[in-house]
Amino acid sequence: MTISLSEPKDLEVVKEQCSKLDLRFSAIEEFQASGEAAQVFFLEEPADSIKLMRLSPVVYLGNTLTMLDQQEDPLIAASLCCGILHGPNTSGYSMEYEGLTSVGAALKVQTSNELATELHRLYSAKNAASMGIAALDFISCGAENTDKIVELVCDYLNHRELI
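Quick caveat, the model's predicted, so the values are computed rather than measured. Numbering of residues starts from 1 in each chain and follows the order in which that chain's sequence is written. Note on the predicted model: pLDDT of at least 70 is required for a residue's local features to be given, and 80 or more for side-chain atom pairs to be given and counted; whole-chain, interface and lining totals, by contrast, use all residues. Only hydrogens and water are removed before side-chain values are computed, so all heavy atoms of the structure are retained for them.

A. Highlighting the pairing of strand β5 (residues 83-86). What you see with β5 is no split at all: G83 and L85 on one side and I84 and H86 on the other are buried throughout. Two strands are said to pair when DSSP picks up at least two bridges between them. Secondary structure elements are defined from DSSP: runs of H or I of at least 4 residues count as helices, runs of E of at least 2 residues count as strands, and each element is numbered from the N terminus. Here strand β4 (residues 58-61) pairs with β5 via four bridges, running parallel. Within the sheet, the bridge partner assigned to V58 lies in β5 and is G83. Of the pairings in the sheet, the one linking β5 to strand β6 (residues 106-108) comprises three bridges and is parallel in character. By the bridge assignment for β6, I84 is matched with A106. Handedness of the crossover joining β5 and β6 through helix α5 (residues 94-102) is recorded here as right-handed. Each residue's exposure class comes from its accessible area (1.4 Å probe, protein chains only) as a fraction of the maximum for that residue type: buried when under 20%, exposed when over 50%, partly exposed otherwise. The handedness of a crossover follows from its direction of travel: if, with the strands pointing away from the viewer, the path from the first strand over the helix to the second runs clockwise, the crossover is right-handed.

B. Representation of the environment of V109 in the model. Secondary-structure assignment places V109 in the loop between β6 and α6 (112-121). Measuring from C-alpha to C-alpha, the distance between V109 and L85 comes to 6.9 Å, with 24 residues separating the pair along the chain. With near-sequence residues (within four places) excluded, V109 lies in contact with Y60, L65, H86, G87, P88, E114, L115 and E118. Contact definition: two residues touch when any of their heavy atoms are within 4.5 Å.

C. Region of interest: the side chain of H86. Summarising the element assignment, H86 is placed in strand β5. Residues within four places of H86 in sequence aside, it is in contact with Y60, L61, T64, Y97, T101, A106, L107, K108 and V109.

D. Local environment of the sheet that holds β6. Strand order in the open sheet made by the three strands is β4-β5-β6, with parallel pairing throughout. The open sheet has two edge strands with one neighbour each: β4 and β6. Taking the axes of each pair of neighbouring strands and ignoring which way they run, one obtains an average angle of 20° across the sheet. Angles shown run from 0 to 180 degrees and are taken between the N-to-C directions of axes, each axis being a line fitted to C-alpha atoms and, for helices, limited to the stretch in contact. The strands touched by α5 are β4, β5 and β6; relative to β5, the strand with the most contacts, the crossing angle is about 125°.

Have a look at this one:
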């Protein structure tokens, strides 16, 4: 699980809760250095989220559970082969979420209780891997056509210089 807090003062509460639940807690900087297997990661900056997406089979894009102005592009997580959990407020990227959901790469949750239930279900490596594979398939769909178009354009530009 990855946590990014809007209020840094809540960090001690999170640490305390992790300790009560016997979960290993680490900041991303500490994880890089220690190499220990942490179960809960803390991000000081939301921009650090890509670092942790590389380690996570499933990510939760939290700005979608409540109506917030700043949302993250779900295609970034999909390109890193992550399954995606998200809330109902996806207006900024509604087409992307619909496409990811249609192939089984994303799952919408309405409440924090639903989020906990789905996280528990996805704790199975098989379930998380299925979402990650679907995400990678979705993000790479059409890559062959793009490659062909790039090749045609390059050929055209190369021949044009000779004329």
